[in-house]
Amino acid sequence: MSDDGDAPDQDAPQGSADPGGPGSAAGAFSGPQAGELIDELLQDPVTGGGTGTTASEVLTAALRAVNETGDVLDTGEGWRGIAAVALLLSEAAPRLLDAAPRADELRRYLARWDTELTPARRTLCSAVLRRLGLQAENEWFADVTRQAFEGGPAALLTPLEGILADS
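As a starting point, this report considers the structure included with it. (Residues numbered from 1 in each chain as written. Predicted model: local features only at pLDDT ≥ 70, side-chain atom pairs only at ≥ 80, totals over all residues. Heavy atoms only, no water.)

Our focus in this paragraph is the overall build of the chain. Scanning the chain for helices and strands turns up seven helices and zero strands. In sequence order, the secondary structure elements of the chain are arranged as α-α-α-α-α-α-α. Taken over 167 residues, the chain has a buried fraction of 44%. Summarising the internal contacts of the chain: among those between residues at least 6 apart in sequence, 67% fall at separations of at least 24. When the accessible surface of the chain is summed, it comes to about 8500 Å², and 51% of that surface belongs to carbon and sulfur atoms. (Helix = DSSP H or I, 4+ residues; strand = E, 2+ residues; numbered from the N terminus. Buried < 20%, exposed > 50% of the residue type's maximum accessible area, 1.4 Å probe, protein only. Contact = heavy atoms within 4.5 Å. Areas by Shrake-Rupley, 256 points an atom, 1.4 Å probe, with all protein chains shown as cover.)

With that out of the way, let us pick up the packing of helix α6 (residues 139-146) against helix α7 (residues 152-166). One way to put it is that α6 packs onto α7 with a least axis distance of 7 Å and a crossing angle of 115°. Residues Trp140, Phe141, Val144 and Thr145 of α6 pack against Gly152, Pro153, Leu156 and Leu157 of α7. (Axes fitted to C-alpha atoms, helices over the stretch in contact; angles between N-to-C directions.)

Here we take up unusual backbone geometry. Of note, Arg102 is a non-glycine position whose phi angle comes to about 55°, a positive value. Position of Arg102 among the secondary structure elements: in the loop between α3 (75-89) and α4 (103-112). The class for Arg102 is partly exposed, based on a relative accessible area of 36%.

The next point concerns the pattern of salt bridges. Tallied over the full model, the rule gives seven salt bridges. In this structure, the salt-bridge partner of Asp98 is Arg95, at a minimum N-O distance of 3.6 Å. The exposure class assigned to Asp98 is partly exposed, which follows from its relative accessible area of 47%. When the shortest N-O distance is used, the salt bridge between Asp98 and Arg107 registers 2.4 Å. For Arg107, a relative accessible area of 28% translates into the label partly exposed. Connected via shared salt-bridge partners are Arg95, Asp98, Asp104 and Arg107. (Salt bridge = Lys/Arg side-chain N within 4 Å of Asp/Glu carboxyl O.)

Attention shifts here to the nonpolar core. One finds Leu37, Ile82, Leu87, Leu106, Trp140 and Leu160 to be the most contacted residues of the largest nonpolar core, which totals 44 residues. Among the elements that make up this core, the one with the highest residue count is α3 (nine residues). (Core = buried A, V, L, I, M, F, W, Y, C linked by side-chain atoms within 4.5 Å.)

Here the focus is α4. Among all positions of α4, only Ala103, Leu106, Tyr109 and Leu110 are buried. With its buried residues spanning 120° around the axis, α4 presents them on a single face. Away from its buried face by more than 90 degrees, α4 exposes Asp104, Arg108 and Ala111. Of the surrounding elements, those touching the buried residues of α4 are α1 (32-43), α2 (55-66) and α3. (Arc of directions from axis to C-beta.)

Here we come to the packing of aromatic side chains. Applying the stated criterion to the full structure yields one aromatic pair. Relative to Trp140, the ring of Trp79 lies with its centre 5.6 Å away and its plane at 75°, an arrangement referred to as edge-to-face. Note that Trp79 is positioned in helix α3 and Trp140 in helix α6, a separation of 61 residues in sequence. (Phe/Tyr/Trp six-rings, centres within 6.5 Å; stacked < 30°, edge-to-face > 60°.)

Of note, Leu160 is situated in helix α7. Placed 67 residues apart in sequence, Leu160 and Ala93 show a C-alpha to C-alpha distance of 9.5 Å.

At a minimum axis distance of 11 Å, the contact between α1 and α4 shows a crossing angle of 55°. Here α4 runs oblique to α1, going by the angle between their axes. Here α1 runs over α4; the crossing is left-handed. Packed against α1, whose contacting residues are Ile38, Leu41 and Leu42, the element α4 presents Glu105, Leu106 and Tyr109 at the interface. When grouped by side-chain class, the residues that make up the contact of α1 with α4 number five nonpolar, no polar and one charged. (Parallel < 35°, antiparallel > 145°, perpendicular 65-115°, else oblique. Left-handed = near helix turned anticlockwise from the far one by under 90°. Nonpolar A, V, L, I, M, F, W, Y, C, P; charged D, E, K, R; others polar.)

What follows is the structure, given as structure tokens:
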């Protein structure tokens, strides 16, 4: 805020959108596949849903699925990818988890396991957000647009891009 308390501070970081406010990334957990990703992680926290895969591998696989070349990005891959990005950014912006299914259980889970935003994960998160924002061969983008999600895909992606840039 400025000194007079009336106007926002012009020097405040522009990418730091309130994760719970308007134009927020709270919708990152809106798709049913986002909930499925969380359920998979929480079902058996050590092995990522009993699949023998580590939780870290589950998150990485969700990110990589969005970026596979030659593929039409389906809606489920998009929701899993955006949820994985939000989970990895939740250390920098804990309020992202407020809208997540099973939020309290998820917070305890993330405190115990490797969800550090490493350089490789940062690169994958950035690529996921860029890919989700492209209309070409992107069923997730079309689905979010069709559902008339308030603010469209940009309302979900822009706040996450800002958090990623600031973290």
